[in-house]
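Coordinate inspection notes
Now for the letters of each chain:
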Amino acid sequence: MRNILSAALGLALVVSSSVAMAGYTSTKYPIVLVHGVAGFDTIGGLINYFHRVPYNLERSGAEVHATAVSFVNSSDQRGEQLKDYILGMGKTKVNLMAHSQGAPTSRVAASKIPEKIASITSINGVNFGSTVADVIREVIPPGSYVEGGADAIANALGGFINQLIDSDNPQDGIAALETLTYDGTYKLNKSLNWKGVNKNGCGETSVNVSIPDKNGTPHTVKMYSWGGKTMYTNALDAIDPFLLITSKAFSWGEKNDGLVSSCSQKMGKVISVNYNLNHADAVNHLFGLHHVFLEPISLYRSQANRLKNAGL
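So, here's what we can say about the structure. Quick caveat: nothing in here was measured; it's all calculated off a predicted structure.

1. Side note on the pattern of salt bridges
A complete count under the given rule lists 7 salt bridges for this structure. A salt bridge links K83 to D84; its shortest N-O distance comes to 3.5 Å. Here the salt bridges do not stand alone but share partners, grouping E80, K83, D84 and K112 into one network.

Right under this line is the structure:
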């Protein structure tokens, strides 16, 4: 009898746990994943920018969409495209989870339709510029033959990606580079009235960010951020050596993920920018290779649950 009761109790615990996890990521509003520079949504349904993230959010209740804005372009242009995508969804509001340049792209969209944005989560976001972009800009001076060639290559690659994902998004490689420099990001933040980012640099702001719509009516958009401090996390990951090289652009001792400083990753309420993640790990690439002691997907699921508990 005791064994039967124990078995029944164990089964009940398993069932109750499964039921609880079934709604763990069931946010009130859909989640829209926004890719970074040189990104896409999915290629042929086989290669996803956010590797295995949609499935792992959907399996416990979330409605997830992955958008495709320009492969290379300014955050202003990409934000306009994101705005149009959101309006086309026909949803009351959405939660944006944005990687890299996706973060400023999302803040641009929020400045245009704040009534449609419940929250923005910056993931290794370029919220205050990238030293790597500054270094590249020095190597590619404005008006030079090198600039013209680099722009042509970036635009051609963007056009090729357009064909693969059946898109007609405009491409502008130099605009993408400019917008990711510290000067370019500073100008963008200023134009957005520093909504969600700390004007003084390395610091967080309130989770509740008030943004007026076109009629001047204020809307509260909750903003969060997380990011990483490690550039080399897995010896089997072919991306890691590249990020180890690009990390040399940063000052000695400056925490970074290989492309963006931990300081620059801060936006709104900072969950943490000290995870053992590099810039690619943040979207679970290369195909799930990441730091052995950190599963990036768990961060997305925890954030979805955080949004759910906030009524979003």
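2. A closer look at the packing of helix 5 (residues 131-139) against helix 7 (residues 173-180)
Between helix 5 and helix 7, the least distance of the axes is 8 Å, while the angle of their chain directions is 130°. By the angle class used here, helix 5 and helix 7 are oblique. For the element pair helix 5 and helix 7, the recorded crossing hand is left-handed. On helix 7, the residues that touch A133, I136 and R137 of helix 5 are I174, L177, E178 and L180. For the contact of helix 5 with helix 7, a count of residues per class yields 5 nonpolar, no polar and 2 charged.

3. Digging into the packing of helix 3 (residues 75-89) against helix 4 (residues 102-112)
Axis angle and axis distance: for two packed helices, these are the angle between their axes and the distance between the axes, and together they describe the pair. One can describe the packing of helix 3 onto helix 4 by two numbers: an axis separation of 7 Å at closest approach and a directional angle of 60°. Here helix 3 is positioned oblique relative to helix 4, judged by the angle of their axes. For the pair helix 3 and helix 4, the crossing hand works out as right-handed. Contact residues: helix 3 offers S75, D76, R78, G79, E80, L82 and K83, while helix 4 offers G102, P104, T105, S106, V108, A109 and K112.

4. Structural notes on the nonpolar core
By size, the foremost hydrophobic cluster in this structure holds 32 residues, and its most contacted members are I31, L33, F50, V53, L57, M97 and Y300. Breaking this core down by element, the ones donating at least two residues are strand 1 (31-34), helix 2 (53-58), strand 6 (117-123), helix 6 (145-165), strand 8 (218-228) and helix 10 (296-309). Top element by residues in this core is helix 10. It accounts for 5 residues. When neighbours within four sequence positions are excluded, M97 is seen to be in contact with I31, V32, L33, V34, F50, L57, T121, I123, Y300, Q303, A304 and L307.

5. Some points on empty space enclosed by the protein
Per the counting criterion, the structure on display carries 1 cavity of 30 Å³ or more. One number sums up the size of the largest cavity: a volume of about 30 Å³. Every residue lining the largest cavity is listed: R107, A110, L192, K195, I211 and M223. Broken down by class, the residue content of the lining of the largest cavity amounts to 4 nonpolar, no polar and 2 charged.

6. A short note on unusual backbone geometry
The peptide bond linking H285 to L286 adopts the cis configuration, its omega dihedral lying at 10°. In this structure, N124 takes a positive phi of about 50° despite not being glycine. Secondary-structure assignment places N124 in the loop between strand 6 and helix 5.

7. Some words on the layout of surface pockets
Put simply, the largest pocket is a space of about 1100 Å³. V37, A38, F242, L259 and H279 are, among the 39 residues lining the largest pocket, the residues nearest its centre. Secondary structure elements with two or more residues in the lining of the largest pocket: strand 3 (47-48), helix 5, helix 6, helix 7 and helix 9 (240-246). When residues in the lining of the largest pocket are grouped by element, the largest group, 6 residues, is from helix 6. Its residues assigned to classes, the lining of the largest pocket comprises 30 nonpolar, 8 polar and 1 charged. Each pocket or cavity is described by its volume, and for the second largest pocket that value is around 190 Å³. The wall of the second largest pocket is formed by K229, M231, L244, S247, K248, F250, S251, W252, G253, E254, K255 and N256. Here the lining of the second largest pocket is built from residues that sort into 4 nonpolar, 4 polar and 4 charged.

8. Description of the pairing of strand 7 (residues 208-212)
Here strand 7 shows a clear split, with V209 and I211 buried on one side and none of N208, S210 and P212 buried on the other. Sheet analysis places strand 7 next to strand 8, joined by 5 bridges and oriented antiparallel. Paired with P212 across the two strands is P218, which belongs to strand 8. Counted between consecutive antiparallel strands, the loop separating strand 7 from strand 8 contains 5 residues, among which G216 sits at a positive phi close to 90°.

9. Side note on the side chain of S264
Here S264 is to be found in the loop between helix 9 and strand 9 (269-275). For S264, the residues in contact, after removing those within four places along its chain, are G125, V126, N127, F128, G129 and Y182.

Scoring rules and cut-offs
Residues numbered from 1 in each chain as written. Predicted model: local features only at pLDDT ≥ 70, side-chain atom pairs only at ≥ 80, totals over all residues. Heavy atoms only, no water. Salt bridge = Lys/Arg side-chain N within 4 Å of Asp/Glu carboxyl O. Axes fitted to C-alpha atoms, helices over the stretch in contact; angles between N-to-C directions. Helix = DSSP H or I, 4+ residues; strand = E, 2+ residues; numbered from the N terminus. Parallel < 35°, antiparallel > 145°, perpendicular 65-115°, else oblique. Left-handed = near helix turned anticlockwise from the far one by under 90°. Contact = heavy atoms within 4.5 Å. Nonpolar A, V, L, I, M, F, W, Y, C, P; charged D, E, K, R; others polar. Core = buried A, V, L, I, M, F, W, Y, C linked by side-chain atoms within 4.5 Å. Buried < 20%, exposed > 50% of the residue type's maximum accessible area, 1.4 Å probe, protein only. 1 Å grid on protein atoms, 1.4 Å probe; cavity = no way out; pocket = protein on both sides within 12 Å on 5 of 7 lines; lining within 4 Å. Points joined across faces, edges and corners; volume = space filled by probe spheres on them. Pairing = 2+ DSSP bridges.

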